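Residue strings, one per chain:
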Amino acid sequence: MEKICVAVRLRPPASQESPGGTFWKVDENRVSLHKLHGTPISGVSYAFDHVFDEMCSNSRVYDLLTKDIIHAVVEGFNGTAFAYGQTSSGKTFTMNGSENDPGIIHRAVRDVFERIHMMSNREFLIRVSYMEIYNEEINDLLAVENQKLQIHESLERGIFVAGLREEIVSNAEHVLKLLESGEVNRHFGETNMNARSSRSHTIFRMVIESKEKDINASADVVRVSVLNLVDLAGSERIAKTGAGGVRLKEGKHINKSLMSLGNVINKLSDGAKNRGHIPYRDSKLTRILQPALGGNAKTSIICTIAPEEVHIEETKGTLQFASRAKRITNCAQVNEILTEAALLKRQKQEIEELRKKLQGSHAEVLEQQILKLRNDLLQNELEREKLETELEEERKSKLNKLGSLDTSSDIGGSSCQPEDSGRHSLKEEFNDSISKSGGNLFTTPSSKAVPNAFVAKRSNYSPLPGFSPLPDAFSNVVDEDTWMKMNKGYIADLDSIQMTPARKVQSFPPCDATPGSSNENHKQEVQDLKRQLELAIEERDDLKRKHEEQVRKHEEQVLLNNQLVSEISELQEEAQLIREIPQKLGECAATCKDIYVDVLSTTQSYICDEKSSVAKLLSSITDIGTSLFATLEADFSVPIADQKSQIQEQHKVLSERLSSAVKILVSSETLNIDGQARKSQECAMGGDAASWREKLSNELTTIKERHHYLVKDLDYHNQLLKKSKERYETLETEFQLLKEERDSLHKTVSESSERLLLVTSQKENIVRYMKEELQRRKDLEEKIKQFSVAFCNRKTSLVSFHNEFKSKLESLKAENVVSVPKTVGC
Ligand code: ADP
Ligand code: MG
């Protein structure tokens, strides 16, 4: 057990302004608040492992605080260094440094490679990753496309960020270049970088694997250690009344991760007896750094503080946080593992052999090629792992859905949430797997006792399944009081921790230790295999590209289809409207007919003599009008296709009939005016003929007007009909064109799929061929071995025969004293 190493670093003042009433004084490993004339303020004095004043360089900070951890990481221990403090207190300056005074990360990277070169008895494989936690989302800084990554857990790998790019590196320059590109990615599309960097956490991670070069030593044991260098977000208090919107959300998430870190540290500092469950799962940061906090790691925290009087309260908060952190103890062990989790073991045998052959030679270009191959293999594995995780998530969501179905069909109306039921079934699976593994699930698979070596689990997480929900206080912006209380050791009330259930881990087949053969053919074979592997990778990339293109085309086609469908539905609506026009016209004609008949019957009622010419004329007008409207009505009910020309014709005929009827009416009216006047005088009833005439002519005008309107209406509707038909025809042509386009796209897609299948089968053939070749090589080696054993046996028997023969010759010589020629038997 060892305590976390905690240091405080005071930054130089930002300006030369005269100090206020108080100042921070650094004395050895103590920092205290003093009044201007030098009197210490009681109760505001803190001691730490190291306290660095404003004159201290990054080089000194590194030497005193981090160097030992870096050396331990190369030896196989996990290591973590944090920078904690309010914005502009010097966290990034400490971690990244300046051109003249490089920071901890830069120095650590160089130191790691220097140490490795000194350890000539071990071979190393180092990979790095660089991530950012912003708004409680994990983004990959080495590959911008990897955003919102998820944290997962497996027995083999412990806690890991799925889909995070890892790059195998061979020297410090390579790492520093990657870091630079990571910084560029972080700045990409960012308008206010200062705001972002003060609200995000960055984690630079190095995974170091090593094993002894001597193949006779316990060669199966690989040491795997992880180094985290963390630049935390600003720990300043966030006022409740933020700028709103995005700002508030960011503030909340920063607080969430930092508050969780504070909570974890406060719980851990309570001592093993009181601490209970540690809420690592409450934030991405604490979850990723779980082994570094109260676990298997050597950890240091540098708390940076600002000297300005205006920052006194923040500085006090930081110092209180640091005091709490000082009480945490960790239990760091060398991580020696026997499983296939070590990348060093998983990497292909050919590359290993090639590397061995190249060792000590000057073939730097080939070394670079091997590095590239190694990276390609790693990327393939990461991709596969990402797919596996996605599949796993899909499986889980399906299980959850099934669980919710179960719950909803529960007659008792249980109030279980879908997650609960999903978790329940997963829990069953988990229990099942425990029982299958004889309850020994948390020991490293296939580990065996190694003399003088401690085989450690990759992480010492709790075996309880599930998760710890966030307390309500965390879902809101944490207020200043809570924040200050946290720095003093306040612990939020958290539910018990539960772990996610174990998932089945796919182990790689163990690598046979085939002794390297030195003959030329073998070398050639390895070269061939390497080339084939490269070809297969190229082919795979090509296929991937093609597949992506197809997916894109397919998406475009779907878009086109959707447009088409919406256009068709518009067209259908229009067609429906057009179909309704004749019906409406028919209704209109019927109404007109009624009005017309009404008017004429009223007129007729005023005529006394039913046999008069006016009466006859009126009745004939009634007939014509009624038949006109009846025809119109009937015509409008005829299907639309035949209608247009018929309507036009009938309209013509009826118009002519109507106008001739009107003419007759008008002429007979003029002719009969005198006679009517006479007759009306004669009429016993008498009456006002003039008013009759007036009424009649008024009615006639109305009828004429109505007729005129009707004709106009008909014309308008005819035009509408014509236009709609035209539009219908254009849309139909468009539809045909789109249909053809879609068919051709379908054809292309199916052709591409066929090609894809063909290439896939070719690839499979190559892989099969490679496997056969490998097998053949192994057989060959086996035969060579047998042959050399037989050869040795023969040689031994020959030598013994030779010796026997010699001794017999000697004895013969001695017995017979006969001179024997020297050449015999040699
Ligand atoms: P943080 O990352 O905590 O927000 P920075 O590291 O960006 O703060 O520091 C803020 C400013 O102070 C920067 O301009 C930085 O160069 C300067 N600074 C911080 N610490 C030191 C130091 N120890 N010596 C010199 N300059 C410093
Ligand atoms: Mg910073």
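Residues numbered from 1 in each chain as written. Chains lettered and ligands numbered in written order. Predicted model: local features only at pLDDT ≥ 70, side-chain atom pairs only at ≥ 80, totals over all residues. Heavy atoms only, no water.

**Some points on the overall build of the chain**
Secondary structure summary: the chain contains 18 helices and 17 strands in total. Counting only residues that meet the buried cut, the chain has 41% of its 826 residues in that class. Long-range pairs, those at least 24 residues apart, make up 76% of the contacts in the chain between residues at least 6 apart in sequence. Taken as a whole, the chain presents about 46,100 Å² of accessible surface, with 54% of it coming from carbon and sulfur. (Helix = DSSP H or I, 4+ residues; strand = E, 2+ residues; numbered from the N terminus. Buried < 20%, exposed > 50% of the residue type's maximum accessible area, 1.4 Å probe, protein only. Contact = heavy atoms within 4.5 Å. Areas by Shrake-Rupley, 256 points an atom, 1.4 Å probe, with all protein chains shown as cover.)

**A short note on the site of ligand 1**
Close contacts around ligand 1 come from Arg9, Arg11, Pro12, Gln86, Thr87, Ser88, Ser89, Gly90, Lys91, Thr92 and Phe93, and that covers them all. In this structure, serine 88 approaches ligand 1 through a main-chain N or O atom, which is 2.6 Å from an oxygen atom. Take lysine 91: an N or O atom from its side chain is 2.9 Å from an oxygen atom of ligand 1. Burial of ligand 1 by the surrounding chains reaches 64%, relative to a free accessible area of 550 Å². At three residues, the largest contribution of residues to the shell around ligand 1 is made by helix α2 (residues 91–96). Looking at side-chain class alone, the shell around ligand 1 contains two nonpolar, six polar and three charged residues. (Near = heavy atom within 4 Å. Polar contact = N/O pair within 3.5 Å; in protein donor to acceptor, adjacent residues only side chain to side chain. Nonpolar A, V, L, I, M, F, W, Y, C, P; charged D, E, K, R; others polar.)

**Some details on the nonpolar core**
Ranked by internal contacts, the top residues of the largest apolar core, which has 46 residues, are Phe48, Leu261, Ile288, Leu289 and Leu293. Once residues lying within four places of it in the same chain are set aside, the contact partners of leucine 261 are Tyr84, Leu232, Leu285, Thr286, Leu293 and Phe321. Within the second largest apolar cluster, 39 residues are counted, among which are Met95, Val112, Phe124 and Leu178. (Core = buried A, V, L, I, M, F, W, Y, C linked by side-chain atoms within 4.5 Å.)

**Section: helix α8 (residues 312–325)**
In this model α8 runs 20 Å from its N-terminal to its C-terminal C-alpha over 14 residues, within 8% of the 20 Å that 1.5 Å per residue would give. When you tally the buried positions in α8, you get 11 out of 14 residues, the bulk of the element. For α8, every residue scored as buried is listed here: Ile312, Glu314, Thr315, Gly317, Thr318, Leu319, Gln320, Phe321, Ala322, Arg324 and Ala325. (Expected span 1.5 Å × (residues − 1).)

**Observations concerning the sheet that holds strand β5 (residues 40–47)**
Read across the sheet, three strands follow the order β3-β4-β5 without closing on themselves; strand pairing throughout is antiparallel. Because the sheet does not close on itself, it has two edges, and the strands there are β3 (22–27) and β5. Taken over all neighbouring pairs, the strand axes of this sheet differ in orientation by 25° on average, direction set aside. In the sheet, strand β4 (residues 30–35) pairs with β5 via four bridges, with the strands oriented antiparallel. Residue pairing for β5: valine 31 is matched across the bridge by tyrosine 46. (Pairing = 2+ DSSP bridges. Axes fitted to C-alpha atoms, helices over the stretch in contact; angles between N-to-C directions.)

**A word on the confidence of the model for the chain**
Of the residues in the chain, 69% reach a pLDDT of 70 or more, and the chain-wide mean stands at 74. Confidence scores differ between elements of the chain, with helix α13 (residues 472–475) showing the lowest mean pLDDT of 34 and strand β6 (residues 50–52) the highest of 97. For the stretch residues 240–247, pLDDT sits under 50, and the model shows five contacts to residues farther than four places along the chain or on other chains. This stretch, residues 822–826, has a pLDDT under 50; its non-local contacts, to residues over four places away or in other chains, come to three contacts. (pLDDT = per-residue confidence, 0-100.)

**What to know about the packing of helix α1 (residues 58–75) against helix α3 (residues 104–118)**
Direction vectors running N to C along α1 and α3 enclose 45°, while the axes themselves pass 9 Å from each other. Classified by the angle their axes make, α1 and α3 are oblique. Handedness of the crossing formed by α1 with α3: right-handed. Here α1 contributes Asn58, Ser59, Val61, Tyr62, Thr66, Lys67, Ile70, His71, Val74 and Glu75 to the contact with α3, which in turn contributes Ile104, Arg107, Ala108, Asp111, Val112, Arg115 and Ile116. (Parallel < 35°, antiparallel > 145°, perpendicular 65-115°, else oblique. Left-handed = near helix turned anticlockwise from the far one by under 90°.)

**Describing the pairing of strand β10 (residues 150–154)**
Summarising burial for β10: four of the five residues are buried, a large majority. The pairing of β10 with strand β11 (residues 158–162) spans five bridges and is antiparallel. Across the sheet, the residue bridging to serine 154 is glycine 158, located in β11. In this antiparallel pair of consecutive strands, β10 and β11, the connection spans three residues.

**Here we look at a negative patch on the surface**
Among the surface-exposed residues, Glu567, Glu570, Glu573 and Glu734 lie close enough to one another that they form a single negatively charged patch. Among the elements that make up the negative patch, the one with the highest residue count is helix α15 (residues 520–606) (three residues). Residue position: glutamate 570 is located in helix α15. (Patch = residues over 30% accessible without salt bridge, like charges linked within 9 Å, V, L, I, M, F, W, Y side chains within 5 Å. Salt bridge = Lys/Arg side-chain N within 4 Å of Asp/Glu carboxyl O. Lys, Arg positive; Asp, Glu negative; His and termini not counted. Charge placed at Lys NZ, Arg CZ, Asp CG, Glu CD.)

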